[in-house]
Amino acid sequence: MIIYQMYSMTCHQLSERSYFIFDHKMAVCARCFGIYTGFLVGLVIYSLFSRIINYKTLSKWYLIISLLPMAIDGTSQLFGLRESFNLMRLLTGLLFGFTVVFYVLPVFLEVMNNTTKEDIKTIFKSFRVKKR
């Protein structure tokens, strides 16, 4: 399927590390599913509790702290110190995905707010295929 091919660029898609829905393997592993779900939840919460014109990002330490459980889980399994399980992968992904919203979205919104229509036209013109 094309969906599996698209996600194969960003996820290993190992069956033993993935969830199944109605006997069909998801296109991403449990950790990636957690990251995407956490990002979606973070977007909703950000829009409810933060002013959209607020471009401030949190301290970088929150991002580092949210990344640590995922890094510890992944590296400890990589070196054979322990075997992780899907719920742990999901939870560590959720934490990171949720947190990263508060860094990506303010920067994205600031860029979009400072981009003019002329800038957008220039960007799209650079993507046009030139006829010979």
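(A) A look at the packing of helix α2 (residues 30-49) against helix α4 (residues 86-113). In contact at an axis separation of 6 Å, α2 and α4 are set at 40° when each is read in the N-to-C sense. When the axes of α2 and α4 are compared, the pair comes out oblique. Where α2 crosses over α4, the two elements pack in a sense that is right-handed. Among the residues making up the contact of α2 with α4, the classes are represented as 18 nonpolar, eight polar and two charged.

(B) Structural context of a nonpolar patch on the surface. Taken together, the side chains of Met1, Ile2, Ile3, Met6, Tyr7, Met9 and Tyr36 present a nonpolar region at the surface, about 810 Å² in accessible area. For the nonpolar patch, the element with the highest residue contribution is helix α1 (residues 2-7), accounting for four residues. You can see methionine 1 is positioned in the segment before α1.

(C) Up close: the packing of helix α3 (residues 60-78) against α4. In the contact formed by α3 and α4, the axes pass within 9 Å of each other and the chain directions differ by 155°. In this view, α3 runs roughly antiparallel relative to α4, as classed from their interaxial angle. Here α3 and α4 pass one another in a crossing that is left-handed. Side by side, α3 and α4 meet where Lys60, Tyr62, Leu63, Ser66, Leu67, Pro69, Met70, Asp73 and Gln77 of the first sit next to Met88, Arg89, Thr92, Gly93, Leu95, Phe96, Thr99, Val100 and Tyr103 of the second. A breakdown of the residues in the contact of α3 with α4 according to their chemical character gives 10 nonpolar, five polar and three charged.

(D) Representation of the layout of surface pockets in the model. What the largest pocket holds in volume is close to 160 Å³. In terms of lining residues, the largest pocket is bounded by His12, Arg17, Cys29, Arg31, Cys32, Asp73, Gly74, Gln77, Leu78, Ser84 and Arg89. Secondary-structure elements contributing two or more residues to the lining of the largest pocket are α2 and α3. The element contributing the most residues to the lining of the largest pocket is α3, with four residues. When grouped by side-chain class, the residues that make up the lining of the largest pocket number three nonpolar, four polar and four charged.

(E) Quick look at the state of the cysteines. Evaluated as defined, the whole model comprises zero disulfides. Lacking any disulfide linkage, cysteine 11 is separated from the closest cysteine sulfur, that of cysteine 29, by 3.6 Å. Residue cysteine 11 is classed as buried on the basis of its relative accessible area of 6%.

(F) Expanded view of the pattern of salt bridges. Evaluation of the coordinates by the stated rule reveals three salt bridges. The shortest N-O distance in the salt bridge between arginine 31 and aspartate 73 comes to 2.2 Å. On the criterion of sequence distance, the pair formed by arginine 31 in helix α2 and aspartate 73 in helix α3 is long-range, its members being 42 residues apart. Residue classification places aspartate 73 among the buried residues on the basis of a relative accessible area of 3%. Between arginine 89 and glutamate 83 there is a salt bridge, with the nearest N and O atoms lying 3.9 Å from each other. Judged by its relative accessible area of 4%, arginine 89 falls in the buried class. Using a relative accessible area of 58% as the deciding quantity, one classes glutamate 83 as exposed.

Rules used throughout
Residues numbered from 1 in each chain as written. Predicted model: local features only at pLDDT ≥ 70, side-chain atom pairs only at ≥ 80, totals over all residues. Heavy atoms only, no water. Axes fitted to C-alpha atoms, helices over the stretch in contact; angles between N-to-C directions. Helix = DSSP H or I, 4+ residues; strand = E, 2+ residues; numbered from the N terminus. Parallel < 35°, antiparallel > 145°, perpendicular 65-115°, else oblique. Left-handed = near helix turned anticlockwise from the far one by under 90°. Nonpolar A, V, L, I, M, F, W, Y, C, P; charged D, E, K, R; others polar. Patch = residues over 30% accessible without salt bridge, like charges linked within 9 Å, V, L, I, M, F, W, Y side chains within 5 Å. Areas by Shrake-Rupley, 256 points an atom, 1.4 Å probe, with all protein chains shown as cover. Salt bridge = Lys/Arg side-chain N within 4 Å of Asp/Glu carboxyl O. Contact = heavy atoms within 4.5 Å. 1 Å grid on protein atoms, 1.4 Å probe; cavity = no way out; pocket = protein on both sides within 12 Å on 5 of 7 lines; lining within 4 Å. Points joined across faces, edges and corners; volume = space filled by probe spheres on them. Disulfide = S-S within 2.5 Å. Buried < 20%, exposed > 50% of the residue type's maximum accessible area, 1.4 Å probe, protein only.

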